[in-house]
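Chain by chain, the residues run as shown.
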Amino acid sequence: MSTFAGKTALISGGAEGIGFAIAKAMGQQGMNVVLGDIDAGQLAKAEETLTQEGIEVLTVLMDVTDPAQWQQFGAAALERFGKVHMLVNNAGVGGTPGPIEKTDVKDWAWVLDVNLMGVVHGAHAIVPLIKEHGEGGWMINVASMAGMTGIPYAGAYTATKMAVVGMSESWRLELAPANIEVSVLCPAFVRTRINLSTRNKQSSYKSDNAGSESKETSAQNSAMAKHMSDVVNAGLAPDLVGQRVVEAVKAKELYIFTHPNYRSVPQNRFKAMDEAFARAEGSELLADVLHQEMDRFI
Ligand SMILES: NC(=O)c1ccc[n+]([C@@H]2O[C@H](COP(=O)([O-])OP(=O)(O)OC[C@H]3O[C@@H](n4cnc5c(N)ncnc54)[C@H](O)[C@@H]3O)[C@@H](O)[C@H]2O)c1
């Protein structure tokens, strides 16, 4: 019997795309799935599709940026299924790619609140529910290849995805004694509607200056949007990503990669850091530090 069977997973942004694919793959393993999403129409479709597959599913309309709605999400899951074993922090938005000086602060706030604070609120609300029953469980955070390397014109998105990788590394160590396995999913392009994220942008994050950019900025933005749309549409099938998550979580992997052809991306980053360390080793200024014992982080 699957290690997941009869257990319950909460998946944010589970109405479509990667979140839905993870829900389906975990449901096929015999898990009950609780989908939280800001999009009522897509949630209804997701519920119907999974129910037809024989998967036990509950949907909750919620916005990950609101801690109170996370509490309600957890409470609804407990009420229906009794316990929670897995949290999938998946909801995310792409933001609007563009040069630093042209990126609206409200857009930064939107991307940070959904992609970063959404994960923080999720951990706050749901980890205690997993700890409570003492049986252990899983937390899967959805980052990106953008969590492995800086991407030009995508500062906000990259900031959030690097943060999600960092939080996952921290929480992996912190939650091991509670038998909660933490993994972080880092895909490159996957065929979803991520490039159309503004469809669900809350009104409070909408710019007051929308539509007032110069012709040049507007042309640059549409060229970037066209490129994003092309690469996302040529990306991996979400179902394959869902199945890969099951495979990697069973193997207790911290980093879940779906694009082995991108291996050079983290390799180049680590190589650059290693070379920078070698230069620090060679610096006369630091000669005394070189042979000192490292202090422990905790
Ligand atoms: N598609 C890719 O190429 C790709 C690559 C790397 C990482 N990712 C990450 O995968 C995750 C899922 O994205 P996707 O590609 O499936 O995109 P998607 O747009 O298809 O799905 C995102 C889901 O999140 C929901 N959502 C958005 N804002 C929300 C909010 N405030 N509260 C609750 N739900 C909200 C949307 O309604 C949607 O159902 C994101 O974290 C994204 O950054 C995607």
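Residues numbered from 1 in each chain as written. Predicted model: local features only at pLDDT ≥ 70, side-chain atom pairs only at ≥ 80, totals over all residues. Heavy atoms only, no water.

**Examining the site of the ligand**
At step 1: As a matter of local geometry, the ligand sits amid 31 residues, with Ile 18, Asp 37, Tyr 157, Val 190 and Thr 192 nearest to it.
At step 2: Contact between the ligand and Asp 63: a nitrogen atom at 3.0 Å from a side-chain N or O atom of the residue.
At step 3: Thr 192 places a side-chain nitrogen or oxygen 2.6 Å from an oxygen atom of the ligand.
At step 4: Protein chains bury 98% of the 840 Å² of accessible surface belonging to the ligand in isolation.
At step 5: Class assignment of the residues belonging to the shell around the ligand gives a composition of 16 nonpolar, eight polar and seven charged. (Near = heavy atom within 4 Å. Polar contact = N/O pair within 3.5 Å; in protein donor to acceptor, adjacent residues only side chain to side chain. Areas by Shrake-Rupley, 256 points an atom, 1.4 Å probe, with all protein chains shown as cover. Nonpolar A, V, L, I, M, F, W, Y, C, P; charged D, E, K, R; others polar.)

**A closer look at the nonpolar core**
At step 1: By size, the foremost hydrophobic cluster in this structure holds 43 residues, and its most contacted members are Val 34, Trp 70, Ile 126, Met 139 and Trp 171.
At step 2: Among the elements that make up this core, the one with the highest residue count is helix α4 (residues 105–133) (12 residues).
At step 3: Once you skip the residues sitting within four places of it in the chain, Val 34 turns out to touch Thr 8, Ala 9, Leu 10, Ile 11, Leu 58, Val 60, Phe 73, Ala 77 and Phe 81.
At step 4: Counting residues in hydrophobic clusters, the runner-up holds 31 residues, among them Phe 4, Ala 23, Val 142 and Ala 248. (Core = buried A, V, L, I, M, F, W, Y, C linked by side-chain atoms within 4.5 Å. Buried < 20%, exposed > 50% of the residue type's maximum accessible area, 1.4 Å probe, protein only. Helix = DSSP H or I, 4+ residues; strand = E, 2+ residues; numbered from the N terminus. Contact = heavy atoms within 4.5 Å.)

**Points about the environment of Gly 137**
At step 1: Along the chain, the position of Gly 137 falls in strand β5 (residues 137–142).
At step 2: Gly 137 gets classed as buried once you look at its relative accessible area, which sits at 7%.
At step 3: Setting aside its immediate chain neighbours within four residues, Gly 137 contacts His 85, Ile 130, Asn 179, Ile 180 and Glu 181.

**Concerning the pairing of strand β6 (residues 180–186)**
Put simply, side chains in a regular strand alternate between the two faces of the sheet.
At step 1: Burial analysis of β6 places seven of its seven residues in the buried class, the great majority of the element.
At step 2: Side chains Ile 180, Val 182, Val 184 and Cys 186 of β6 all project onto a buried face; the interleaved residues Glu 181, Ser 183 and Leu 185 project onto the opposite face, where all are buried too.
At step 3: Both β5 and β6 contribute to a ladder of six bridges, which runs parallel. By the bridge assignment for β6, Val 142 is matched with Leu 185.
At step 4: By the bridge criterion, three bridges tie β6 to strand β7 (residues 255–257) in an arrangement that is parallel. Across the sheet, the residue bridging to Val 184 is Tyr 255, located in β7. (Pairing = 2+ DSSP bridges.)

**Side note on helix α2 (residues 40–52)**
At step 1: For α2, which comprises 13 residues, the first-to-last C-alpha distance of 19 Å matches the rise-based estimate of 18 Å (1.5 Å per residue) to within 8%.
At step 2: Within the span of α2, buried status applies to Gln 42, Leu 43, Ala 46 and Leu 50. Buried residues in α2, looked at end-on, bunch into an arc of 100°, giving them a common side. When the buried face of α2 is taken as reference, the exposed residues oriented beyond 90 degrees from it are Lys 45, Glu 48 and Gln 52.
At step 3: Buried residues in α2 make contact with α1 (17–28), β2 (32–37) and β3 (57–61).
At step 4: Where α2 begins, one side-chain oxygen reaches toward the backbone nitrogen of Gly 41, 3.2 Å away; that side chain belongs to Asp 39.
At step 5: A positive backbone phi angle near 85° is found at Gly 54, which sits one or two residues after α2. (Expected span 1.5 Å × (residues − 1). Arc of directions from axis to C-beta.)

**Brief notes about the pattern of salt bridges**
At step 1: By the definition in use, this model includes 12 salt bridges.
At step 2: The salt bridge partner of Lys 252 is Glu 181, with a shortest N-O separation of 3.5 Å. With Lys 252 in the loop between α7 (238–250) and β7 and Glu 181 in strand β6, this residue pair connects regions lying 71 residues apart in the sequence.
At step 3: Here Asp 230 ties to Lys 226 by a salt bridge, and the two come within 2.7 Å at their closest N and O atoms. Within this pair, Asp 230 and its partner Lys 226 are both found in helix α6 (residues 215–233), separated by four residues, close to a single helical turn.
At step 4: Overlapping salt bridges bring together Glu 16, Arg 193 and Arg 199 as one network. (Salt bridge = Lys/Arg side-chain N within 4 Å of Asp/Glu carboxyl O.)

**Quick look at the pairing of strand β4 (residues 86–89)**
At step 1: In β4, alternate side chains face the same way, and those of Met 86 and Val 88 on one face and Leu 87 and Asn 89 on the other are all buried.
At step 2: Bridge count between strand β1 (residues 8–12) and β4: three bridges; the pairing is parallel. The residue of β4 that forms the bridge with Ala 9 is Met 86.
At step 3: The parallel pair β4 and β5 is bridged by α4, and the resulting crossover is right-handed. (Right-handed = clockwise from strand over helix to strand, strands pointing away.)

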